[in-house]
Amino acid sequence: MNQYNAPAYGSPAPQPHNPYQPPANVPFPMGGGSNLGLGMYEFDAAQNRILRSAATWTLALGIILLVQAVLQLVQIAIFGALANGAMGTMLILTSGALRKVVSTQGQDVPYLMKALSNFSNMLLFRSILFLLAIALIGGIAALVVVAKLAGA
Amino acid sequence: MNGNDYEFAPHEDIVIGAMATRAKLWGYLSLIAGGLMTLIGVGVMVVMRGDAKGVGAGGALLAIALAPAISGYSYVSAGGAMRRVVTSSGDDISHMMSAISSLRSAVRVEVIASVLAFCVGFGLGVYSAVSR
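Residues numbered from 1 in each chain as written. Chains lettered and ligands numbered in written order. Predicted model: local features only at pLDDT ≥ 70, side-chain atom pairs only at ≥ 80, totals over all residues. Heavy atoms only, no water.

Colleague: Let's hear about the overall build of chain B: which residues, and what values?
Modeller: Along chain B, the regular secondary structure elements total three helices and zero strands. Whereas a compact globule of 132 residues would reach a radius of gyration of roughly 14 Å, chain B reaches 20 Å, over 25% beyond that. Dimensions of chain B, computed from C-alpha atoms along their principal axes, come out at roughly 70 × 30 × 20 Å. Across the 132 residues of chain B, 35% fall into the buried class. Nonlocal contacts in chain B, meaning residues at least 24 apart in sequence, comprise 73% of its contacts between residues at least 6 apart. (Helix = DSSP H or I, 4+ residues; strand = E, 2+ residues; numbered from the N terminus. Rg over C-alpha atoms; globule rule 2.2 N^0.38 Å. Buried < 20%, exposed > 50% of the residue type's maximum accessible area, 1.4 Å probe, protein only. Contact = heavy atoms within 4.5 Å.)

Colleague: Explain the environment of proline 68 of chain B residue by residue, including any values.
Modeller: Residues and elements named next belong to chain B. Position of proline 68 among the secondary structure elements: in helix α2 (residues 52-87). Taking relative accessible area as the criterion, proline 68 reaches 15% and is therefore assigned buried. Put simply, proline 68 and aspartate 51 are 17 residues apart on the chain and 27 Å apart in space, counted from C-alpha to C-alpha. Discounting residues that sit within four places of it in the chain, proline 68 has contacts with Ser30, Leu31, Gly34 and Met37.

Colleague: Explain the nonpolar core residue by residue, including any values.
Modeller: Residues Leu51, Leu112 and Phe119 of chain A together with Phe8, Met82 and Met96 of chain B are the most contacted members of the largest nonpolar core, which totals 47 residues. Broken down by secondary-structure element, the contributors of at least two residues to this core are α1 (45-74), α2 (78-103) and α3 (108-151) of chain A together with α1 (10-47), α2 and α3 (92-131) of chain B. Apart from the residues lying within four places of it in its own chain, the contact partners of methionine 96 of chain B are Leu112 and Leu116 of chain A together with Phe8, Ile16, Met82 and Val85 of chain B. (Core = buried A, V, L, I, M, F, W, Y, C linked by side-chain atoms within 4.5 Å.)

Colleague: Describe the packing of aromatic side chains, listing the residues and the values that go with them.
Modeller: In total, this model carries six aromatic pairs over all chains according to the counting rule given. Seen from their ring centres, phenylalanine 119 of chain A and tyrosine 75 of chain B are 6.4 Å apart, and the 45 degrees between their planes marks the pair as tilted. Remark: tyrosine 75 of chain B occurs in helix α2 and phenylalanine 119 of chain A occurs in helix α3; the pair is interchain, linking two chains. For tyrosine 75 of chain B, a relative accessible area of 0% puts it in the buried group. With 5.3 Å between their ring centres and 85 degrees between their planes, tyrosine 6 of chain B and phenylalanine 8 of chain B make a pair best called edge-to-face. (Phe/Tyr/Trp six-rings, centres within 6.5 Å; stacked < 30°, edge-to-face > 60°.)

Colleague: Explain the interface of chain B and chain A residue by residue, including any values.
Modeller: Opposite the 32 residues of chain B that make contact, chain A presents 34 residues. When chain B packs against chain A, close to 3200 Å² is buried across both sides, 79% of that on carbon and sulfur atoms. Of all residues in chain B, Tyr6, Arg22 and Trp26 of chain B give up the largest surface area on contact with chain A, accounting jointly for 19% of the area buried on that side. In this assembly, chain B and chain A are joined by one salt bridge. Note that arginine 126 of chain A is salt-bridged to glutamate 110 of chain B, the shortest N-O span being 2.4 Å. At the junction of chain B with chain A, the criterion picks out four residue pairs in polar contact (both at pLDDT 80 or more). Every element with two or more residues in the side of chain B that touches chain A is listed here: α1, α2 and α3 of chain B. When residues of the side of chain B that touches chain A are assigned to their parent elements, the largest contribution, 13 residues, is made by α3 of chain B. The class makeup of the residues in the side of chain B that touches chain A is 21 nonpolar, five polar and six charged. (Buried area = accessible area lost by both parts, 1.4 Å probe. Salt bridge = Lys/Arg side-chain N within 4 Å of Asp/Glu carboxyl O. Polar contact = N/O pair within 3.5 Å; in protein donor to acceptor, adjacent residues only side chain to side chain. Nonpolar A, V, L, I, M, F, W, Y, C, P; charged D, E, K, R; others polar.)

Colleague: Tell me about α1 of chain A, residues and numbers included.
Modeller: Taking 1.5 Å of rise per residue, the 30 residues of α1 of chain A would be expected to cover 44 Å, and the 43 Å separating its terminal C-alpha atoms lies within 8% of that figure. Where α1 of chain A is concerned, the buried positions are Gln47, Asn48, Leu51, Ala54, Ala55, Thr58, Leu61, Gly62, Ile64, Leu65 and Ala69 of chain A. Buried residues along α1 of chain A sit against β2 (40-42), α2 and α3 of chain A together with α3 of chain B. Where α1 of chain A starts, the residue carrying a side-chain oxygen 3.4 Å from the main-chain nitrogen of alanine 46 of chain A turns out to be aspartate 44 of chain A. Isoleucine 76 of chain A, located one to two residues past α1 of chain A, shows a positive phi value of around 55 degrees. (Expected span 1.5 Å × (residues − 1).)

Colleague: Which residues make up the environment of glycine 72 of chain B, and what values go with them?
Modeller: Residue and element names in this part refer to chain B. Along the chain, the position of glycine 72 falls in helix α2. Classification of glycine 72 by relative accessible area gives buried; the value is 0%. Along the sequence, glycine 72 and glycine 34 sit 38 residues apart, while their C-alpha atoms lie 8.3 Å from each other. With near-sequence residues (within four places) excluded, glycine 72 lies in contact with Gly27, Ser30 and Leu31.

Structure representation (C-alpha cells):
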C-alpha cells in the first residue's frame, strides 16, 4: 500500500520521503559548529561549554575587581579605585557578550568580536598601568640614588 | 559546508589581531613580574637564611610569583593561538577555541590567586588582631 491508495479513514500511511521536509539536524563529523554562510557561524554544544565557562570566570574576575575598587574607594585610594572599576566593568561587559554568544542564534561572531574587543581593551589598559607603575617606581628609585649620591 | 571551513572576515581579523598583540604583551609583562618576584624571593631567602621570618617571607614571595607566571604563560599561549587565527586559513574556529581556552585558564588562575590572597590577608589580619 502506498500513499496514493491508502484508505480514506484511519491513521495516515507512513510517508516514505517528503522532498519538502526540513533537513535533518545531523551533527558535523568533526564536532565543529555550523558555518551558516554570509559571515554567520553557530558554535556547537562543546564550544558553547567552553564559552560559557570563560564567561563565568571572566564575570568572577570582574566582580573581584569591582569589590577591590569599592574597598579602595573606602580607603580613599581614588586612582586605584578608578582603575579597578574600569577593568572590572570591561570584564563584566566581556562576560555578557560571551554569554550572548551562547544564548543567541545567528549572532555568534558579532558577539564574540564584542567580547574580544572589550577583553583586549582591558588588557591594553592593564599593560599601560603596569608600565606606568614600573616607570614611577624606577623614577623614584633613581631619585633616591641621586639624592644619596648628592648627599655623599 | 561545515564549521571547519569558516574564515573570519578582514574586519574581524583586525579585532583578533589586536587581541593577539595585547594578550602577548600582558602575558610577557606578567612573566617578567613573576620572574622578578621569584628573583627577589630567592634573594631574600639567601640573604636572610639564618632568620626564619626572612626565609618565610622569601618563600611567600615565591608562592605569590606563581600566579603571574602561570597566567602570563596562558596569556602568551592565547595570543599565539589568536595570531594563528589571523595568519592561517582553514582552521580559524579551532585556533579560536584554543585561544579562548587559554584565556579562560589565565582568568581562572587570577581569580583563584585573588581569592587565596584575600583569604590569607584576612587570616593574617585576624591573627594579628587576636595576638595583640
